[in-house]
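Structural overview
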Amino acid sequence: MRVDVIMPQMGESIAEGTLTRWLKKAGDKVARDEPIFEISTDKVDAEIPAPSAGVLAEVKVKEGETVPVNTVVALIETEAGAAVSPSAPAPQAAPRAAGGASIPRASALAGSGAGVEELRRVRSSPVVRKIAQEHDVDISSVRGSGLGGRVTKRDIMALIEGGGVAARAAGPPATSAAAGAPAFAPGERVSREPLTPMRRKIAEHMVLSRRTSAHVTTVFEVDMSRVMRLRHENRAAFEQRHGVKLTVTPFFVKAAVSALKAFPVVNASLDGENIVYKKDINIGVAVALDWGLIVPVIRNADDRSLSGIAKTVTDLAERARSRKLTPEEVQGGTFTITNPGVFGSLLGTPIINQPQVAIMGVGAITKRPVVVEDAIGIRSMVYLSLSFDHRLLDGALADQFLAHVKDTLENGRFPEIL
C-alpha cells in the first residue's frame, strides 16, 4: 500500500514550507525515520524523516517549491502485506496569546458567526500580520493562497512588491533592481543565482527590523584578561568533567544575564503603545552556517550554571549545523548575542532580532598594549557593541547595561566554573 508523505507543520504559526532538497529519489528504498528531504520555513531548516519503510514511489513536489503544510509531497510504497496507514494529522491546539488566552481558530469563528476580517486574521501567521501592519495593509482584503484561504508571506509580499499598497515608511530597497536600476552593466561578465529560501527569509527579516526599530549602537572596550586566565586554568578539568570545551561564550552569556536582571527593560519588547516585560531570560546565540545564519535559544539562561550554558551552546550549535533543530529551539528569544569576532572582526553593529529591543555583538579578543594604573601592560581586550531600539531604550540606559556587562567580565566571580 501507499503512504502519504506530507509537508509537516513545524510550529503552530507556520502555514507553509519550502522543500529545499530531496535526500532520496524515486525508486530508492527508505527506512522508517530515515531523512528523505529537507525543508526551510520561517523558523528553521530541518530534515524530515520517512513516516514508514518502503520504496519512494513518487515525488510530487520539486526542489525549491513552497507548499502549504499537510500537502502530500511524496508517496512511499510499503512492503507487501504491511499493515501501515498514514495517521491523520493530530488536531492542532488553539495557539496562545501573550497573556495566555486562547486565540480561536477559523473553524470555531465560522461557527460563531465571526466576520470576514476576523476569519482572515486567524488565517495568517504573526509574521504576516506584522508585515501587513508595517505597510498599512488591511489583511482582510488579501486573498490568501494558503491552506483554507490562509494569507501567506508570499501573498503579502507579492502585494507590497507589486505596488498594490504604499509603504507607511519608505525603507531601502532590497535590491538595486527593486529601485528600477539594472544590477549590472550591459556586457558585464556575470552569473545569476536565485536566493536560497534561508537567504530570502534573512533578507526579509533584516529589512523589516530596520524599518521597525530605531537602531542605535554603543561600544565598550572590555579587558578579558581575567576571563582568559580562568579559561586557561580550568579548560582541561572542565572538558574532562563536562565533556565539552570551555569557550568564552558562556562567560558572555552569564554577564548578559546579570545585566538583564539589573535592567529588565532590555529583556522586554514593544507591543504598540505597551511595554511587554518578559519574565524569562532566553538568550539567542547566533550560529554561522555555510548556507546562512540561525539563532538557537538558550531557554531560562538565568537558571543555568556556566557548565550548563556551555553544554547547551555546544549542543545547539552542533544540531544547527546538522539541521537537527526544532522550531521551538529558535523561537522565544528575549535577547541575542552574536560573535563576529570568531572570524576576526574587531567591531560590528548588528541588526536587532525582532521583536527584541537589543542585540550584543562580540568582537575578536586580541592582546594589545593598554594603560593599567599609569603603566603600559599587555591585556586581552575585546570590543562589545550593543545595538538597541531607541524607541524604548535611551542611550544612558544602554550604556549602563553594557557597563554592567563589562564590570561582570572584568571583576565578576565565576565560582561555578567547574
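Data block above holds the structure.
The residue numbering used here restarts from 1 in each chain and proceeds along that chain's sequence as written. Totals for whole chains, interfaces and linings use every residue, but because this is a predicted model, local features are given only for residues with pLDDT of at least 70 and side-chain atom pairs only at 80 or more, for both listing and counting. The basis for every side-chain value is the complete set of heavy atoms in the structure, and neither hydrogens nor water enter the calculation.

**Topic: the pattern of salt bridges**
Each salt bridge in this description consists of a side-chain nitrogen of Lys or Arg and a carboxyl oxygen of Asp or Glu lying within 4 Å of one another. With the rule as written, the count across this model stands at 14 salt bridges. A salt bridge links Glu-38 to Arg-21, with the nearest nitrogen and oxygen atoms 2.8 Å apart. A residue pair is termed long-range when its members are at least 10 positions apart, and Glu-38 in strand β4 (residues 35–40) and Arg-21 in strand β2 (residues 16–22) qualify at 17 residues. The class of Glu-38 is buried, set by a relative accessible area of 3%. Going along the chain from the N terminus, every DSSP run of H or I of four or more residues is numbered as a helix, and every run of E of two or more is numbered as a strand. Each residue is assigned to one of three classes by its accessible area relative to the maximum for its type, calculated with a 1.4 Å probe on protein chains only: buried under 20%, partly exposed between the two thresholds, exposed over 50%.

**Quick notes on unusual backbone geometry**
Gln-354 connects to Pro-355 through a cis peptide bond whose omega is 5°. Relative to the helices and strands, Pro-355 is located in the loop between β16 (335–338) and β17 (358–362). Residues other than glycine seldom take positive phi values, yet Asp-374 does so here, at roughly 65°. Tracing the sequence through the fold places Asp-374 in the loop between β18 (366–372) and β19 (375–389).

**Regarding the packing of aromatic side chains**
Between rings of Phe, Tyr and Trp, where Trp is taken as its six-membered ring, a pair exists when centres lie within 6.5 Å; planes separated by under 30 degrees are stacked, by over 60 edge-to-face, and by other angles tilted. Applying the stated criterion across every chain, the model contains 3 aromatic pairs. With a centroid separation of 5.2 Å and an interplanar angle of 55°, the aromatic rings of Trp-22 and Phe-37 are classed as tilted. Taken together, the residues Trp-22 in strand β2 and Phe-37 in strand β4 connect sequence positions 15 residues apart. Each ring, one from Phe-263 and one from Phe-401, has its centre 6.5 Å from the other, and the planes form 65°; the classification is edge-to-face.

**Some thoughts on the sheet that holds strand β7 (residues 65–68)**
When DSSP finds two or more bridges between a pair of strands, those strands are recorded as paired. Spatial ordering of the open sheet is given by β5-β4-β2-β7, a layout of 4 strands whose pairing is antiparallel. The two strands at the open ends of the sheet, each matched to only one other strand, are β5 (45–49) and β7. Across the sheet, the axes of successive neighbouring strands diverge by a mean angle of 40°, strand direction being ignored. Pairing of β2 with β7 involves 4 bridges; the strand directions are antiparallel. Note that in β7 the partner of Leu-19 across the bridge is Glu-65. Here helix α5 (residues 197–212) sits on the sheet and contacts β2, β4 and β5; the angle it forms with β2, its principal contact strand, is near 145°. Where helices are involved, their axes are fitted lines through C-alpha atoms of the stretch in contact, as for all axes, and angles between N-to-C directions lie from 0 to 180°. Residues are treated as being in contact if the distance between any of their heavy atoms lies within 4.5 Å.

**Focus on the packing of helix α7 (residues 249–262) against helix α9 (residues 395–411)**
Contact geometry of α7 with α9 gives a least axis separation of 8 Å together with a crossing angle of 135°. As judged from the angle between their axes, α7 and α9 are oblique. Between α7 and α9 the crossing geometry is right-handed. Facing α7, whose interface residues are Phe-251, Phe-252, Ala-255, Ala-256, Ser-258, Ala-259, Leu-260 and Ala-262, α9 presents Phe-401, His-404, Val-405, Thr-408 and Leu-409. Lys, Arg, Asp and Glu make up the charged group, whereas Ala, Val, Leu, Ile, Met, Phe, Trp, Tyr, Cys and Pro make up the nonpolar group; the residues left over, Gly among them, are polar. Of the residues assigned to the contact of α7 with α9, the class counts are 10 nonpolar, 3 polar and no charged. For classification purposes, angles smaller than 35 degrees are called roughly parallel, those larger than 145 roughly antiparallel, those between 65 and 115 roughly perpendicular, and all remaining angles oblique. If you view the pair so one helix is near and one far, a crossing is left-handed when the near helix is turned anticlockwise from the far one by less than a right angle, and right-handed when it is turned clockwise.

**A look at the nonpolar core**
Core analysis: the biggest nonpolar cluster contains 60 residues, and Ile-283, Phe-335, Met-360, Leu-384 and Leu-409 have the highest contact counts within it. With 8 residues, the top contributor of residues to this core is α7. Not counting chain neighbours up to four residues away, the residues in contact with Ile-283 comprise Val-253, Val-257, Leu-260, Pro-296, Val-297, Ile-298, Ala-301, Phe-335 and Ile-337. As used in this record, nonpolar core signifies buried Ala, Val, Leu, Ile, Met, Phe, Trp, Tyr and Cys residues forming a set joined through side-chain atoms within 4.5 Å. By size, the runner-up hydrophobic cluster in this structure holds 18 residues, among which are Ala-50, Leu-56, Val-61 and Val-67.

**Brief notes about the pairing of strand β6 (residues 54–59)**
Bridge count between strand β3 (residues 29–30) and β6: 2 bridges; the pairing is antiparallel. Paired with Val-30 across the bridge in β6 is Gly-54. Where β6 meets strand β8 (residues 72–77), 4 bridges bridge the pair, whose relative direction is antiparallel. Residue pairing across strands places Val-55 opposite Glu-77, the latter belonging to β8.

**Things to note about α5**
Helices are assigned an expected span. That span is 1.5 Å times one less than the residue count. Taking 1.5 Å per residue as the helical rise, α5 with its 16 residues ought to reach 22 Å, and the 22 Å between its terminal C-alpha atoms agrees with that figure. All buried positions along α5 are accounted for by Pro-197, Met-198, Lys-201, Ile-202, Leu-208, Ser-209 and Thr-212. The arc that holds the buried residues of α5, viewed along the axis, is 135°, so those residues lie on one side. With a side-chain oxygen positioned 3.1 Å from the backbone nitrogen of Arg-199, the residue opening α5 is Thr-196. This arc corresponds to the set of directions leading from the helix axis out to the C-beta atoms. Whenever a nitrogen or oxygen atom comes within 3.5 Å of another N or O atom, the pair is scored as a polar contact, on the condition that within protein one atom can donate a hydrogen and the other can accept it, and that pairs from neighbouring residues in sequence are kept only if both atoms are in side chains.

**A look at the packing of α7 against helix α8 (residues 306–321)**
Packing of α7 against α8 leaves a shortest axis separation of 9 Å and a crossing angle of 120°. Compared by their axis directions, α7 and α8 come out oblique. The handedness of the crossing between α7 and α8 comes out as right-handed. Contact residues: α7 offers Thr-249, Pro-250, Phe-251, Val-253 and Lys-254, while α8 offers Leu-306, Ile-309, Ala-310 and Val-313. Grouping the constituent residues of the contact of α7 with α8 by class yields 7 nonpolar, 1 polar and 1 charged.

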